[in-house]
Each structure stands twice: as C-alpha cells, then as structure tokens.
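Descriptive analysis of the structure
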Amino acid sequence: MTSGTPTPTPAPTPAAAPAGRLADGTGQGRTTIAASVVQKIAGIAAREVSGVYSMGSGASRAFGALRERIPGGGTSGASTVAGVAVEVGEKQAAVDLDVVVEYGVAIADLASAVRRNVVGAVERMTGLEVIEVNISVNDIHLAGEDDSRDEAPVAPAPTGRVVE
C-alpha cells in the first residue's frame, strides 16, 4: 500500500563527535583554544591584581631580564607567560602560578584576589571551566629593593651631534 505522501525517514543519529576543546553543539563546527592562549590570559589577569610584583621563579626572572636586553628579545610576549603553567582539557583548565608579592601585602588575601581574577578572566574569555588555580609565592619584593642596583649607570649613546 503506497500512498501519495512520502513517509519521512528517520534522520541518522550522528556518531560521537571527536573530542575537542569547547565543542559547539550547533553542528556548525568546533572551537579549540590553545593552551598558550589560556596561559596568556591567566598571566595578564594575575598581574592586574595590586600586590603582585612580578611572576616567575628566580631563574625565569633572570632569563627574562636578559631577554629584555637583547634587541627584539623582549617583544615575544614571553614576559606575559613567565610563571604561568596551564593544563587545558576539552572543557576544563587548571592554572599554576609562581608569583612575587610586594612586602606588606596579606598573602592569603592576595592569593584569593588573584584566584578570583584569573578564574573570571579565563572563564569569561574562553568558556572553559577553571577547576583550580594553584599559587606558589616564591619571593617578597621590598620597596627599596631594585633589581638593577648592582649595575653601573649606563651613559647615553653618542648621537654624533656637537652640543655647545
């Protein structure tokens, strides 16, 4: 018995989509976010909090200072990610931070503020759920302390002009 109206055929059920970060349920594609993007976002968000003097361990800060002195070496964005390590999964991220705090700041309060800022920035910008932000305080910066105190002042380069 055939009638003049066609019978609808059931739509094929889609196979499980390959795992990807932030798989969009729209069927129009998939969005992936690189770990380096999450790393930069977390580093910038941590530095925004008042009381964070710098990021990274002593060795990474020393290499960063050397890199800044090399022409073109400081423009790579490496200072943004110094002291930041991330693990990014399909829908979640974990962040590890190495920070140097300014003397006099309540470290527990600072850690809470950094954690809130990092979680808010990463979740808002990427849509990933931040499951943890581990903060390691490596040093305290004293106000009178200057990292370049051992260096002699640098004379300005000659310009070739005669000044009378």
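Residues numbered from 1 in each chain as written. Predicted model: local features only at pLDDT ≥ 70, side-chain atom pairs only at ≥ 80, totals over all residues. Heavy atoms only, no water.

**A few points about the nonpolar core**
- Ranked by internal contacts, the top residues of the largest apolar core, which has 25 residues, are Val38, Val95, Leu97, Val114 and Val118.
- For this core, the secondary-structure elements that each account for two or more residues are helix 1 (35-47), strand 1 (52-55), strand 2 (84-88), strand 3 (92-102), helix 4 (107-126) and strand 4 (129-141).
- Every residue in contact with Val118, bar those within four places of it in the chain, is listed here: Ala42, Ala45, Ala46, Val95, Leu97 and Val133. (Core = buried A, V, L, I, M, F, W, Y, C linked by side-chain atoms within 4.5 Å. Buried < 20%, exposed > 50% of the residue type's maximum accessible area, 1.4 Å probe, protein only. Helix = DSSP H or I, 4+ residues; strand = E, 2+ residues; numbered from the N terminus. Contact = heavy atoms within 4.5 Å.)

**Digging into the side chain of Thr126**
- Positionally, Thr126 belongs in helix 4.
- Residue Thr126 is classed as buried on the basis of its relative accessible area, which comes to 7%.
- A distance of 2.5 Å separates the side chain of Thr126 from the backbone oxygen of Val122, its partner in a polar contact.
- A polar atom in the side chain of Thr126 sits 3.1 Å from the backbone nitrogen of Leu128. (Polar contact = N/O pair within 3.5 Å; in protein donor to acceptor, adjacent residues only side chain to side chain.)

**Considerations on the environment of Ala35**
- Its place among the elements puts Ala35 in helix 1.
- Spatially, the C-alpha atom of Ala35 lies 5.8 Å from that of Val88, the residues being 53 residues apart in sequence.
- In this structure Ala35 touches Val86 and Val88, once residues within four positions along its chain are discounted.

**So, a nonpolar patch on the surface**
- Together, Tyr103, Ile107, Val137, Ile140 and Leu142 line one region of the surface with nonpolar side chains, adding up to about 440 Å² of accessible area.
- Secondary-structure assignment places Tyr103 in the loop between strand 3 and helix 4.
- Its relative accessible area of 62% is what places Tyr103 among the exposed residues. (Patch = residues over 30% accessible without salt bridge, like charges linked within 9 Å, V, L, I, M, F, W, Y side chains within 5 Å. Areas by Shrake-Rupley, 256 points an atom, 1.4 Å probe, with all protein chains shown as cover. Salt bridge = Lys/Arg side-chain N within 4 Å of Asp/Glu carboxyl O.)

**A closer look at the packing of helix 1 against helix 4**
- Two elements in contact, helix 1 and helix 4, have axes separated by 8 Å at closest approach and are oriented at 140 degrees. Judged by the inter-axis angle, helix 1 sits oblique to helix 4. For the pair helix 1 and helix 4, the sense of crossing is right-handed. Residues Val38, Ile41, Ala42, Ala45 and Ala46 of helix 1 form the contact with helix 4, whose participating residues are Val114, Asn117, Val118, Ala121, Val122, Met125 and Thr126. (Axes fitted to C-alpha atoms, helices over the stretch in contact; angles between N-to-C directions. Parallel < 35°, antiparallel > 145°, perpendicular 65-115°, else oblique. Left-handed = near helix turned anticlockwise from the far one by under 90°.)

**A closer look at the pairing of strand 2**
- Going residue by residue along strand 2, you find Val84, Val86 and Val88 tucked away on one face and Ala85 and Glu87 left uncovered on the opposite face.
- Relative to strand 3, strand 2 runs antiparallel, the two being bridged by five bridges. Note that in strand 3 the partner of Val86 across the bridge is Val95. (Pairing = 2+ DSSP bridges.)

**Regarding the pairing of strand 3**
- Examined bridge by bridge, strand 1 and strand 3 share three bridges and lie antiparallel to one another. Looking at strand 3, one finds that Met55 is bridged to Val99.
- Joining the antiparallel neighbours strand 2 and strand 3 is a turn of three residues.
- A crossover links strand 3 with its parallel partner strand 4, the connecting element being helix 4, and its sense is right-handed. (Right-handed = clockwise from strand over helix to strand, strands pointing away.)

**A short note on helix 4**
- Helix length check: helix 4 (20 residues) gives 28 Å between terminal C-alpha atoms against 28 Å at 1.5 Å per residue, within 8%.
- Of the positions making up helix 4, those classed as buried are Leu110, Ala111, Val114, Val118, Ala121, Val122 and Thr126. Buried residues along helix 4 cover an arc of 110 degrees about the axis, so they all sit on one side. Exposed residues pointing more than 90 degrees away from the buried face of helix 4 are listed as Ala108, Asp109, Arg116 and Arg124.
- As for helix 4, its buried residues are in contact with helix 1, strand 1, strand 3 and strand 4.
- Of the residues one or two after helix 4, Gly127 is the one with positive phi, at around 85 degrees. (Expected span 1.5 Å × (residues − 1). Arc of directions from axis to C-beta.)

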